Amino acid sequence: MQRVNPVAHIKALVKRAGTQVKAAKRLGVSQQYLCDILAGRRKVSAAMLKKLGLLTVIVSRQES
């Protein structure tokens, strides 16, 4: 399993799309919401992870 930073994933998507407006349109979210995530004002939601094709995996490590 590969560890992915969702914000870095969004930044790469914006770069491929050319603008935040185009990337937001492709994701079906507002440009302001995308900007807020990139600026650290909002966290990446589970719904956004799903739109990006990513999953949150929680791993529990049992200590002996």
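Computed from a prediction, not measured in an experiment: that's the story for all the values here.

Engineer: Account for a nonpolar patch on the surface, naming residues and giving values.
Structural biologist: Nonpolar side chains collect at one region of the surface, where Leu55, Val57 and Val59 lie side by side and expose about 350 Å² of accessible area between them. Checked against the element boundaries, Leu55 lands in the segment after helix 4 (46–52).

Engineer: Got a sec to walk through helix 2 (residues 20–27)? Specific residues and values, please.
Structural biologist: Inspection of helix 2 places Ala23, Ala24 and Leu27 among the buried residues, and these make up the whole buried set. The buried residues of helix 2 occupy an angular sector of 100° when the element is viewed end-on, so they sit on one face. Along helix 2, the residues that are exposed and aim more than 90 degrees away from the buried face are Lys25 and Arg26. In this structure, the buried residues of helix 2 make contact with helix 1 (6–17), helix 3 (31–38) and helix 4. In the segment just after helix 2, Gly28 is the residue with positive phi, at about 80°.

Rules used in this analysis
Residues numbered from 1 in each chain as written. Predicted model: local features only at pLDDT ≥ 70, side-chain atom pairs only at ≥ 80, totals over all residues. Heavy atoms only, no water. Patch = residues over 30% accessible without salt bridge, like charges linked within 9 Å, V, L, I, M, F, W, Y side chains within 5 Å. Areas by Shrake-Rupley, 256 points an atom, 1.4 Å probe, with all protein chains shown as cover. Salt bridge = Lys/Arg side-chain N within 4 Å of Asp/Glu carboxyl O. Helix = DSSP H or I, 4+ residues; strand = E, 2+ residues; numbered from the N terminus. Buried < 20%, exposed > 50% of the residue type's maximum accessible area, 1.4 Å probe, protein only. Arc of directions from axis to C-beta. Contact = heavy atoms within 4.5 Å.

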